[in-house]
Amino acid sequence: MSVVGVIHGRFQVFHNDHLKYVLAGKTRCRHLIVGITNPDPVLTRDDRTDPQRSDPASNPLTYYERYVMVRDVLIEAGLHYSEFSIVPFPVNLPELYRYYVPLDATFYLAIYDDWGRRKLEQFRSAGLKTEVLWMRSLDEKGLRAGDIRIKMASGNAWEHLVPHQTARLMKSWAIPERIRKLHATL
């Protein structure tokens with residue numbers, strides 16, 4: 001078991017599969033750092049392997065909203081606040097990692113596509129210790145936050161796809177309405 005682990009994601013609606021992924025990382029370390037990627041437009045870069053990840057329509061939630069959402073979901077899932085930290089994580093800027101996370105941690109990944117393979121290569125090139133939690137095809141991925149955002153935009157049921165705290169916060173912050181407005185302007 002590692003002392004410190006790092007796991008990351010955009011979490012542009014933290015869903016049930018995100019929770020499984022984060023909890024899988026937590027079982028492998030004493031303290032888990034959850035890095036929120038694309039924390040703001042300045043620390044977001046386009047990437048040829050996943051061009052939509054930097055699209056503003058794919059990033060409707062602020063860093064702070066995602067921070068609160070991830071924190072509340074993990075506490076609801078039974079983690080104590082002392083067992084995890086949440087930080088911004090500019091995944092496309094390896095030269096900045098040392099400012100956000102300890103480089104001697106174990107970096108956990110789930111790989112489904114070229115973007116996941118690129119991150120693994122990027123982490124290894126930076127000399128980081130990595131552990132692949134699982135490698136699956138896109139067909140086996142399961143939930144996708146983009147699909148949940150589409151359900152929100154179209155007024156379809158989405159609450160069953162996310163933890164209780166995610167649904168509560170999305171409604172209290174009027175995120176489905178924000179996403180509807182974003183989709184209406186596209």
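Our subject in this report is the structure included herewith. These numbers come from a predicted model, not from an experiment.

1. Focus: the pattern of salt bridges
Side-chain pairs of opposite charge can arise where the charged atoms are in close proximity. The tally for this structure, following the rule as stated, stands at nine salt bridges. Salt-bridge contacts for D114 lead to R117; the nearest nitrogen and oxygen are separated by 2.8 Å. Here the residue D114 and the residue R117 both occupy positions in helix α3 (residues 114-125), the gap between them amounting to three residues, near one helical turn. Classification of R117 as partly exposed rests on a relative accessible area of 40%. With a closest N to O distance of 3.6 Å, E159 and K171 form a salt bridge.

2. Re the packing of aromatic side chains
Per the stated rule, a full pass over the model turns up nine aromatic pairs. Ring centres 6.2 Å apart and planes at 40° place the aromatic pair Y63 and Y67 in the tilted group. Here the residue Y63 and the residue Y67 both occupy positions in helix α2 (residues 63-76), the gap between them amounting to four residues, near one helical turn. Judged by relative accessible area, which is 17%, Y67 ranks as buried. Centre to centre, the rings of Y97 and F123 are 5.8 Å apart; their planes meet at 80°, and the pair counts as edge-to-face. You can see Y97 sitting in the loop between β3 (84-88) and β4 (106-111) and its partner F123 sitting in helix α3, a full 26 residues away along the chain. Through a chain of ring-to-ring contacts, three or more aromatic side chains come together here, namely F89, Y97, F107 and F123.

3. Quick word on the side chain of K26
Looking at where K26 falls in the secondary structure, it is placed in helix α1 (residues 16-26). Here K26 falls in the buried class, since its relative accessible area comes to 11%. Excluding anything up to four places from it in sequence, K26 contacts H31, L32, L79 and E83.

Conventions adopted
Residues numbered from 1 in each chain as written. Predicted model: local features only at pLDDT ≥ 70, side-chain atom pairs only at ≥ 80, totals over all residues. Heavy atoms only, no water. Salt bridge = Lys/Arg side-chain N within 4 Å of Asp/Glu carboxyl O. Helix = DSSP H or I, 4+ residues; strand = E, 2+ residues; numbered from the N terminus. Buried < 20%, exposed > 50% of the residue type's maximum accessible area, 1.4 Å probe, protein only. Phe/Tyr/Trp six-rings, centres within 6.5 Å; stacked < 30°, edge-to-face > 60°. Contact = heavy atoms within 4.5 Å.

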